[in-house]
Amino acid sequence: MYSFMGGGLFCAIVANILLVVSTATDYWMQYRLSGSFAHQGLWRYCMSGKCYMQADSIGESVWVGPPGYILSQLGWGVVAFSIFFQSCSYRLHKVTCGPSLAYWNATRAFMILSAMSCFAGIIAGILSFAHFSAFERFNRSFAAGIMFFISALFVLLAMAIYTGVTVNFLGRRFGDWRFSWSYILGWVALLMTFFAGIFYMCAYRMHECRRMTGSR
């Protein structure tokens with residue numbers, strides 16, 4: 001049991017560090033703009049050695065066909081589509097679109113919520129090692145596992161929104177582009193939080209099995 005809890009706690013601590021670093025750094029995407037390389041994160045974009053806050057929207061007029069075509073092209077779910085769709089204005093089938101401030105805010109919010117949930121899970125996970133007569137000790141390991149799964153869900157939503165809008169809009173705007181290490185850290189954090197949840201759930205199930213066996 002304690003080996004599962006220790007492994008889960010290690011994964012959670014690493015995941016929380018990765019979530020903070022990924023959210024705070026400016027290397028989610030790298031691209032070439034006007035002959036020079038630039039990079040951007042959730043808060044700023046940097047080019048020619050200078051960094052600027054993200055604009056409210058970065059859009060351009062594109063021919064996208066009927067509204068249903070946009071949905072089929074996004075392919076990352078209704079959430080990504082609705083956020084992308086908020087910044088579109090129609091004139092027949094020609095649409096001026098761009099990932100609006102809602103797109104940035106949604107990704108930021110889910111990453112922050114993920115980090116907070118992971119931190120809450122770490123606290124519950126640490127407390128599960130201690131013994132307090134007022135609580136059942138391994139119930140806290142169950143709570144920690146739930147918090148880690150919630151954290152994994154939040155970071156998955158953040159990565160899905162960012163990936164969907166980037167691939168379907170920004171990737172078409174910038175011909176020479178790629179995801180960078182801050183983005184990769186987000187996916188690694190997703191795996192770590194998920195494994196942390198699994199470890200703590202395994203510890204909880206082992207305790208329950210032993211308790212039921214001992215009560216017979």
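Residues numbered from 1 in each chain as written. Predicted model: local features only at pLDDT ≥ 70, side-chain atom pairs only at ≥ 80, totals over all residues. Heavy atoms only, no water.

Another point: the overall build of the chain. Per the secondary structure count, the chain includes six helices and eight strands. Along its sequence from the N terminus, the chain presents helices and strands in the succession α-β-β-β-β-β-α-α-β-β-α-α-β-α. Taking all 216 residues of the chain together, 44% fall into the buried category. For the chain, the share of sequence-separated contacts (at least 6 apart) that also reach a separation of at least 24 residues comes to 70%. Accessible surface, the chain as shown: approximately 11,000 Å² in total, 69% of it carbon and sulfur. (Helix = DSSP H or I, 4+ residues; strand = E, 2+ residues; numbered from the N terminus. Buried < 20%, exposed > 50% of the residue type's maximum accessible area, 1.4 Å probe, protein only. Contact = heavy atoms within 4.5 Å. Areas by Shrake-Rupley, 256 points an atom, 1.4 Å probe, with all protein chains shown as cover.)

Mapped onto the fold, Tyr31 is located in strand β1 (residues 29–33). Judged by its relative accessible area of 4%, Tyr31 is buried. Along the primary structure Tyr31 and Trp177 are separated by 146 residues, whereas in three dimensions their C-alpha atoms are 4.0 Å apart.

Next up on the list: the nonpolar core. Nonpolar side chains in soluble globular proteins tend to be buried together. Of all hydrophobic cores here, the largest spans 38 residues; its most connected members are Leu19, Trp28, Met111, Cys118, Phe148 and Tyr162. Put simply, the parts of the chain that give this core at least two residues each are α1 (2–24), β1, α4 (101–127), α5 (139–173) and α6 (181–214). Broken down by element, the residue count for this core peaks at 10 residues, all from α5. The residues touching Phe148, leaving out its near neighbours within four places in the chain, are Ala12, Cys118, Gly121, Ile122, Thr193, Ala196, Gly197 and Tyr200. (Core = buried A, V, L, I, M, F, W, Y, C linked by side-chain atoms within 4.5 Å.)

Adjacent strands of a sheet pair through backbone hydrogen bonds, lying either parallel or antiparallel. Taken together, five strands build an open sheet; the order of strands is β4-β3-β2-β1-β8 and the sheet is antiparallel. Strand pairing shows two members of the sheet lacking a second neighbour, β4 (50–53) and β8 (177–179), which therefore form its edges. Adjacent strand axes in the sheet meet at a mean angle of 20 degrees, parallel and antiparallel pairs treated alike. In terms of strand pairing, strand β2 (residues 36–40) meets strand β3 (residues 44–47) through three bridges, oriented antiparallel. In the sheet register, His39 faces β3, and the bridge partner there is Cys46. (Pairing = 2+ DSSP bridges. Axes fitted to C-alpha atoms, helices over the stretch in contact; angles between N-to-C directions.)

Attention now moves to the state of the cysteines. Counting across every chain of the model gives one disulfide. For Cys46, the disulfide goes to Cys51, at an S-S distance of 2.0 Å. With the S-S bond torsion at 105 degrees, the cross-link from Cys46 to Cys51 turns out right-handed. (Disulfide = S-S within 2.5 Å.)

This part is about the pairing of β4. When β3 meets β4, the two strands line up antiparallel, connected through four bridges. What sits directly across from Met47, in β4, is Lys50. The turn linking β3 back onto β4 is made up of two residues, and Ser48 within it adopts a positive phi angle of 55 degrees.

Moving on to the packing of aromatic side chains. Per the counting criterion, the structure on display carries 12 aromatic pairs. Between Tyr162 and Phe179, the ring centres sit 6.3 Å apart and the planes meet at 50 degrees, which makes this aromatic pair tilted. A residue pair is termed long-range when its members are at least 10 positions apart, and Tyr162 in helix α5 and Phe179 in strand β8 qualify at 17 residues. Put simply, the rings of Trp28, Tyr162, Trp177, Phe179, Tyr183 and Trp187 pair up and form one aromatic cluster. (Phe/Tyr/Trp six-rings, centres within 6.5 Å; stacked < 30°, edge-to-face > 60°.)

Now for a nonpolar patch on the surface. On the surface, Ile13, Ile17, Val21 and Trp181 cluster together into a nonpolar patch covering about 340 Å² of accessible area. With three residues, α1 is the largest single contributor of residues to the nonpolar patch. Tracing the sequence through the fold places Ile17 in helix α1. (Patch = residues over 30% accessible without salt bridge, like charges linked within 9 Å, V, L, I, M, F, W, Y side chains within 5 Å. Salt bridge = Lys/Arg side-chain N within 4 Å of Asp/Glu carboxyl O.)

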